[in-house]
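So you can see what is in the structure, the chains are spelled out below.
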Amino acid sequence: MQKILDAILAGELGEVGHLPVPEFYRGVVLHADETTMFDGLASRDKDPRRSLHLDEVATPKPAAGEVLVAVMASGINHNTVWSSIFEPIPTFGFLSRYGRTSPQAARHDLPYHVLGSDLSGVVLRCGAGVAGWSPGDEVVAHCLSVELDRPDGHSDTMLDPEQRIWGFETNFGGLAELALVKANQLMPKPRHLTWEEAAASGLVNSTAYRQLVSANGARVKQGDTVLIWGASGGLGSYATQLALNGGAIPVCVVSSPQKAEACRRMGAELVIDRSADGYRFWKDEQTQDPREWRRFGARIRELTGGDDPDIVFEHPGRETFGASVYVARRGGTIVTCASTSGYQHAYDNRYLWMNLKRIIGTHFANYREAWEANRLIAKGKIHPTLSEAVPLERAAQAVYDVHHNLHQGKVGVLCLAPEGGLGVRDSTVRARHVSAINRFRTKPVSA
Ligand SMILES: NC(=O)c1ccc[n+]([C@@H]2O[C@H](COP(=O)([O-])OP(=O)(O)OC[C@H]3O[C@@H](n4cnc5c(N)ncnc54)[C@H](OP(=O)(O)O)[C@@H]3O)[C@@H](O)[C@H]2O)c1
C-alpha cells in the first residue's frame, strides 16, 4: 500500500497501474454477528463507536465493469449513522438480497460490511470492458449502483429495480483504503480541491441537486422562496448554495447561532433558529399543534415580506412534515428524501388538496444528475462544506458526532491521505474560491 501511496503523493500516477495491489486493506466495517447489540436501546443511545470497527479485509478483484480505487479521502454520511445503529434494519439483509441476484453480486454477501458512500482517490485497476477510465485517473465516485438489465431504469437510472446505494446497500464502500465501484460511478475529481474537500460533496450534493433543481425534483426557478430544513447540515448546506446559485431565495432553518452564521456565510439572508424560537409542532406523541404551524408560517412571512415557500426542502420527516405541508404556498411543492426524526408522517391533508400542493418523493440522483452536480463543484459555483477532517481511526467518533447532530456541514475522513491539504492540482482556480471553500471550517484538518 505504501508504494501505491508514494506514487500518488509523488504525482507518478502512470505508475500505480503497475504496482501490486495488496491482498488486504483497512476499512470501517460492521460485523454481521453484532446486529442485535443495541436491542432495547433508544436510537440516541445506540453508540456507533461500539458497532464500527477498523478491520483488515480481503481486497476484492474488479469484475466486468468495475474499478478498484485507492481511496485518499472519504466523508461521513447519515446513511453510515443508520447502518451503524442497525436502523431501520441491519444492512446485512441488503447484502444477502443483492448476493442472490448474480455470482458477481454474491461477492458482496459477507459477514462484514465495509461502509461509506463517498470517496476521492485514484483508479488502481479496471475490470473487463471498462472504457473511459484508466489506472492513474484522479476521481470521485457517486454512490448509485445499478444493473440496468431491465427496461425500467433506462429513462432514469434511479428507477432501475436493482438500484442500490454503494457502501450502504452494497459492500466495499469508501470509508477504507481501497474501494470497489462500478465504472459508471466515476467522475473527475475537481482539480482545485484537496482530497478531503473533493470527497465531501458527492452524496449530498447530488441528492440536493435532484431534489431541488432537477426536473425529477422540485425544479427550482429564479425568485422561488425555498424553505430549507437543516440548512447547515449535509443536504441543507448544498441545497442553500444551489438555491442561491439558481437565483432563488432560501429561508434557512437551523438550531443554533453558529449554524445560522454558517448559512449567512453562504450568502443566505433569511435564517430561522428553530431552537431560539422554540417551535413544538407536536403536543404529544400523537397530536400536532396547528397553532405552532401558524406561528412558524408567520415567522417565514415576516422574513420574506409576506411570501410563503414555493418549495419546502424536507428531510427531518415526522417532526416537521405537518408544518412543511402547512407553510408551503398554494400550488407549492414539498420535496422529501428522508425521515430523520421518524418515517410515519402525519399531516392535515386539507391543506394539501384545497391548496393544490404537491408532495414529491426523491432519492439520490442518476449518473447524469450526479455529473451535473459535480460539474458545479468543479466550476467553483458550489463549494464543499467541509467543517473538519479526521483520520480513518477516528471515523467512528465522527459518525457518533453526526448521529448526535454535533457537526456542521460535512465531516471528512482521511483514508490513505497522510494529512489534510493534499491533492490540489489547480491552485489558480483554488485561489479564486478559497474563502468560500473554507467557510464551514470549524477545526483544522487533523492527521
Ligand atoms: N434519500 C437520499 O438519497 C438521501 C441522501 C442524503 C441524505 N439522506 C437522509 O437525509 C437526512 C439528512 O441528511 P444530512 O446529510 O443532511 O444529515 P445531517 O448532516 O445530519 O443534517 C441534517 C440536519 O437536519 C436538521 N434536523 C435534524 N433533526 C431535525 C428535526 N427533528 N427537526 C428539524 N431539523 C432537524 C439538523 O439541523 P438543525 O439542528 O441545525 O436544525 C441537521 O443538521 C438523513 O436522514 C439522511 O439519511 C437521504
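With an unreviewed UniProt entry as reference, the protein is termed Crotonyl-CoA carboxylase/reductase, source organism Streptomyces yunnanensis.

Trainee: Summarise the domain arrangement of the protein; cite the residues concerned and give the values.
Mentor: Each domain of the protein was delimited in the assignment, giving domain 1 (2-204 + 365-437) and domain 2 (218-361). Domain 1 and domain 2 are separated by 30 Å when their C-alpha centres are compared. Contact with domain 1, which involves 18 residues of that partner, is made by 16 residues of domain 2. Summing both sides of the interface, domain 1 and domain 2 together bury roughly 1300 Å²; the carbon and sulfur share of this comes to 57%. Considering only the surface of domain 1 that becomes buried against domain 2, Val 204, Ile 382 and Gln 408 emerge as the three largest contributors, covering 41% of it. In this assembly, domain 1 and domain 2 are joined by 0 salt bridges. Inspection of the region where domain 1 meets domain 2 yields 6 residue pairs in polar contact (both at pLDDT 80 or more). Broken down by secondary-structure element, the contributors of at least two residues to the side of domain 1 that touches domain 2 are helix H3 (78-84) and helix H14 (367-378).

Trainee: Go over the sheet that holds strand E12 (residues 249-254), please, and point to the residues and values.
Mentor: Strand order in the open sheet made by the 6 strands is E13-E12-E11-E14-E15-E16, with parallel pairing throughout. The strands lining the two open edges of the sheet, one partner per strand, are strand E13 (270-273) and strand E16 (358-361). Each strand of the sheet is rotated relative to its neighbour by a mean of 20°, with strand direction disregarded. For E12 and E13, the ladder comprises 4 bridges, and the chain directions are parallel. Of the residues in E13, the one forming a bridge with Val 254 is Asp 273.

Trainee: Outline the nonpolar core, supporting the account with residue identities and numerical values.
Mentor: Nonpolar side chains tend to gather and get buried jointly when the protein is soluble and globular. By size, the foremost hydrophobic cluster in this structure holds 86 residues, and its most contacted members are Leu 186 and Leu 212. When residues of this core are assigned to domains, at least three fall in each of domain 1 (2-204 + 365-437) and domain 2 (218-361). Apart from the residues lying within four places of it in its own chain, the contact partners of Leu 186 are Val 67, Val 69, Val 123, Trp 133, Val 139, Val 140, Ala 141, Val 181, Tyr 367 and Trp 371. Counting 28 residues, the second-largest nonpolar core is a separate cluster that includes Val 16, Val 29, Leu 180 and Leu 414.

Trainee: Mind laying out helix H8 (residues 234-245), listing which residues take part and the relevant values?
Mentor: The end-to-end C-alpha separation of H8 is 17 Å, in line with the 16 Å expected for 12 residues at 1.5 Å each. Counting buried positions along H8 gives 10 out of 12 residues, so the element sits mostly inside the fold. Residues Gly 234, Leu 235, Gly 236, Ser 237, Tyr 238, Ala 239, Thr 240, Gln 241, Leu 242 and Ala 243 constitute the buried set of H8. Where H8 ends, the next residue or the one after it, Gly 247, has phi of about 80°, a positive value.

Trainee: Describe the sheet that holds strand E1 (residues 24-31), and please don't skip the residues or the numbers.
Mentor: Strands sit in the order E2-E1-E4 across an open sheet of 3 strands; the sheet is antiparallel. Edge positions in the open sheet fall to strand E2 (53-58) and strand E4 (112-114), since each of these has one partner strand only. Sheet twist, expressed as the mean angle between neighbouring strand axes with direction ignored, is 60°. Running over the sheet, helix H4 (residues 92-99) touches E1 and E4 and is turned about 95° from E4.

Trainee: Outline the UniProt feature "domain: Enoyl reductase (ER)" (unreviewed entry) in the protein, listing residues and values.
Mentor: The positions UniProt marks with the feature "domain: Enoyl reductase (ER)" (unreviewed entry) are residues 49-413. Taken as a whole, residues 49-413 contains 32% helix and 22% strand, while its terminal C-alpha atoms sit 15 Å from one another.

Trainee: For the environment of Ile 437, give the residues involved together with the corresponding values.
Mentor: With respect to the helices and strands, Ile 437 occurs in helix H16 (residues 427-437). A sequence separation of 54 residues divides Ile 437 from His 383, and the C-alpha atoms of the two residues are 5.5 Å apart.

Calculation notes
Residues numbered from 1 in each chain as written. Predicted model: local features only at pLDDT ≥ 70, side-chain atom pairs only at ≥ 80, totals over all residues. Heavy atoms only, no water. Domains from an automatic or database assignment. Contact = heavy atoms within 4.5 Å. Buried area = accessible area lost by both parts, 1.4 Å probe. Salt bridge = Lys/Arg side-chain N within 4 Å of Asp/Glu carboxyl O. Polar contact = N/O pair within 3.5 Å; in protein donor to acceptor, adjacent residues only side chain to side chain. Helix = DSSP H or I, 4+ residues; strand = E, 2+ residues; numbered from the N terminus. Pairing = 2+ DSSP bridges. Axes fitted to C-alpha atoms, helices over the stretch in contact; angles between N-to-C directions. Core = buried A, V, L, I, M, F, W, Y, C linked by side-chain atoms within 4.5 Å. Buried < 20%, exposed > 50% of the residue type's maximum accessible area, 1.4 Å probe, protein only. Expected span 1.5 Å × (residues − 1). UniProt positions renumbered as here; feature names shortened; annotations may be inferred.

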